[in-house]
Amino acid sequence: MQDALESIFAQTYQHWELILVDDGSTDRSTAIALECSRQHPERIRYFEHPNQENRGTSASRNLGLDHAKGEFIAFLDVDDVWTSSKLEQQVAILLAYPEVAMTYGRICFWYSWTGKPEDQQRDSFQDLGVAPDTIVEPPGLLVNLIKQRCQQFGTSNVMLRRSALEQVGRFEEQIRVMGEDYVLFVKLAASTPIYVSGECWEKYRQHEESLCYIERAQGKHFASRSQLIRWTKQYCTEQKIADQQVWQALKQAAVFYSHPGLYFLLRGYLDTMVVLGQQLLPVSLRHWLWMNIGSRLYGVKVDA
């Protein structure tokens, strides 16, 4: 958490307020957040759910929105950090393009935070899937979200207009699965123009104690993704989305996620090969194999 806070104080843009939301944490995060709010009461406020309950990330982000005062909204998960120019550059984009509801950029998949020599060359970027520094009209990014064959938006990576959040209905609190922020981005991609930047504004920490890693290790990713695809299909039906590429992507995703046996067989084989490669191959060769072969097998495009 300390790294995340330091990256906020390091911002070149200083006209910000910070809303700290405690979602029933059991580590030192509560103490750190309370101390931070006491030291900077003029710009930092702390909130928690009644009885310090754990209500999920969507409910926690909505709680933060209830108390935020700004016109523009950005999020930062406790494990991640912002680059120092994030707020300044994103505010400039939203001011320059009043028709744009949200902007996001490239995410650094951050392994080198460990300081270990074997992790220093592992940092990487996924392909954006669209030309950088462009405005994408709806529902142009919806296919990318459904197919997951390029970089997703990333909650810590975006900046949104508060008015756009209110227009589409904020986060869906009843959805408590890995990647729950996906549903908000579906709503935005389906109905609002989005500016995609080539800048890197987030370092996304990679480690084995993250919720995403744990859920994948426990085999829950399939069920989570299946639920999100079903929700997307229902939402597109209700909103009368007519784009044929969107419906083709939904059809393909529905077929894939209706065969759990095949999914786990393929992923089990790939995961086994990855583990063996990490144990037997030198770092430079592992990196080359991931960049050129592994990323494609997992359905992800990666830039060096």
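Refer to the structure printed above.
So, here is what we can say about the structure in this document. (Residues numbered from 1 in each chain as written. Predicted model: local features only at pLDDT ≥ 70, side-chain atom pairs only at ≥ 80, totals over all residues. Heavy atoms only, no water.)

Applying the stated criterion across every chain yields a total of seven aromatic pairs. Summarising the aromatic geometry, the rings of F9 and W16 are spaced 5.5 Å apart at their centres and angled 80° between planes, so their arrangement reads as edge-to-face. Judged by relative accessible area, W16 falls into the buried class, the value being 10%. Of note, R43 hangs over the ring of W16, and the distance from its end group to the ring centre comes to 3.6 Å. (Phe/Tyr/Trp six-rings, centres within 6.5 Å; stacked < 30°, edge-to-face > 60°. Buried < 20%, exposed > 50% of the residue type's maximum accessible area, 1.4 Å probe, protein only. Lys NZ or Arg CZ within 6 Å of the ring centre and 35° of its normal.)

Another point: the environment of V158. Position of V158 relative to the elements: it lies in the loop between α5 (142–147) and β8 (159–161). Along the chain, V158 and M102 lie 56 residues apart, while their C-alpha atoms are 6.8 Å from each other. Not counting chain neighbours up to four residues away, the residues in contact with V158 comprise I73, A74, F75, K86, Q90, M102, T103, Y104, F153 and F185. (Helix = DSSP H or I, 4+ residues; strand = E, 2+ residues; numbered from the N terminus. Contact = heavy atoms within 4.5 Å.)

As a further point, take helix α2 (residues 29–39). Buried within α2 we find S29, T30, I32, A33, C36 and S37. With its buried residues spanning 165° around the axis, α2 presents them on a single face. Exposed side of α2, more than 90 degrees from the buried face: R38 and Q39 are the residues found there. Buried positions along α2 lie against α1 (2–9), β1 (18–22) and β2 (44–48). (Arc of directions from axis to C-beta.)

Once that is clear, we can look at the side chain of T103. Examined against the element boundaries, T103 turns out to sit in strand β5 (residues 102–110). Within the structure, the side chain of T103 is placed 3.0 Å from the backbone oxygen of Y195, a separation counted as a polar contact. (Polar contact = N/O pair within 3.5 Å; in protein donor to acceptor, adjacent residues only side chain to side chain.)

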